[in-house]
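What follows is the residue order along each chain.
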Amino acid sequence: MIRRLIYAFVGIGLLWLPMIYAGESGPKWLDSFGVNEKNLSPTGRNAYFILEPDYQLVYEGKEGDARVQLTITVLDETKRVDGVETRVVEERETSNGKLAEVSRNYFAFDPVARNIYYFGEDVDMYKDGKLVTHDGRWLSGVKGAKYGLAMSGTPRAGDRYFQEVAPGIAMDRAEVVSTNEIVSTPAGIFVHCVKTEETTPLEPQSKEYKYYAPQVGLIQDGDLKLVKHGQTKD
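Residues numbered from 1 in each chain as written. Predicted model: local features only at pLDDT ≥ 70, side-chain atom pairs only at ≥ 80, totals over all residues. Heavy atoms only, no water.

Remarks on the overall build of the protein
For the record, the criterion: Strands are runs of DSSP state E lasting at least 2 residues, helices are runs of H or I lasting at least 4, and numbering of each runs from the N terminus. Partly exposed residues are those whose accessible area sits between 20% and 50% of the maximum for their type, while under 20% is buried and over 50% is exposed, using a 1.4 Å probe and protein chains only. Exposure was quantified through the Shrake-Rupley algorithm and a 1.4 Å probe, taking into account, for residues, occlusion by the shown protein chains and nothing else.
A count of helices and strands for the protein gives 0 helices and 21 strands. Classification of the 234 residues of the protein by burial places 48% in the buried group. Accessible surface computed for the protein: about 11,600 Å², of which carbon and sulfur atoms make up 49%.

Now the structure itself:
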């Protein structure tokens, strides 16, 4: 059974509606945000998330026995989702050199709180070079789904929030573990990094850690580490 309470989140002036699940303890997971959606923009940045066209991050690492490369590119393209003009961010993943997944993710920036919100994704999954499924696809405003928080403009240790709110499809959520991590990657050593722990009530045993560096963005996703970043067009 889900219970919902309303309270003011002091510090960024937003109204939050938390969600908790039976059997869980600790602070409640925020799942809805009192945002003036007319103010949201498809372009912007905060300290840990850059939503500007042609910005790209490339990661490499191993998942099991597979050598994985993940490329995230902020496209010079927008899409209207749930009444909001969002920025399209492409994620392209290969496994042992073969295309494994391509997703088009939709984000918007709040210039007041400097939060980045996540409005959904279109997913193409591949096997042996062939498209096999669109599992994981969701869009805010469709079938009860609504946007989540991708990255706060003012992350604080202990913050807990849903990144995706698509019941039965995608319910990823993050807890800020620390805001002062030191992380070494092939792209360099980064300080004052935010560490998050990601879980989902759809898979209670799953857990993953991500690290975000100031003025760079995501630098480590599980075992995948940043190898390069910057503008694709100078």
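With respect to the pairing of strand 9 (residues 84-95)
Our working rule: Strand pairing requires that DSSP identify at least two bridges connecting the strands.
Sheet topology places strand 8 (residues 66-81) next to strand 9; 11 bridges connect them, and they run antiparallel. Note that in strand 9 the partner of Gln-69 across the bridge is Thr-94. Between strand 8 and strand 9, which pair antiparallel and follow one another directly, the connecting turn spans 2 residues, one of which, Asp-82, has a positive phi of 55°. Summarising the sheet, strand 9 and strand 10 (residues 98-109) pair through 9 bridges and their orientation is antiparallel. Paired with Ser-95 across the two strands is Lys-98, which belongs to strand 10. Where strand 9 hands over to strand 10, the hairpin turn is made up of 2 residues, of which Asn-96 adopts a positive phi near 50°.

Description of unusual backbone geometry
A positive phi angle is found at Asn-96, which is not glycine, with a value near 50°. One can find Asn-96 in the loop between strand 9 and strand 10. A residue is classified by how much of its surface remains accessible, and Asn-96, at 51% relative accessible area, is exposed. Despite not being glycine, Arg-114 has its phi angle at roughly 65°, a positive value. One can find Arg-114 in the loop between strand 10 and strand 11 (116-127).

Comments concerning the packing of aromatic side chains
Stated precisely, the cut-off is as follows: Stacked, edge-to-face and tilted are the three classes for Phe, Tyr and Trp ring pairs, Trp counted by its six-membered ring, which pair at centre distances within 6.5 Å; planes under 30 degrees apart are stacked, over 60 edge-to-face, the rest tilted.
Inspection of every chain in the model, using the stated rule, returns 7 aromatic pairs. With 6.3 Å between their ring centres and 65° between their planes, Trp-29 and Phe-162 make a pair best called edge-to-face. With Trp-29 in strand 4 (residues 29-33) and Phe-162 in strand 15 (residues 160-162), this pair connects stretches of sequence that are 133 residues apart. For the pair formed by Trp-29 and Phe-162, the shared burial category is buried. Relative to Tyr-118, the ring of Phe-107 lies with its centre 4.8 Å away and its plane at 20°, an arrangement referred to as stacked.

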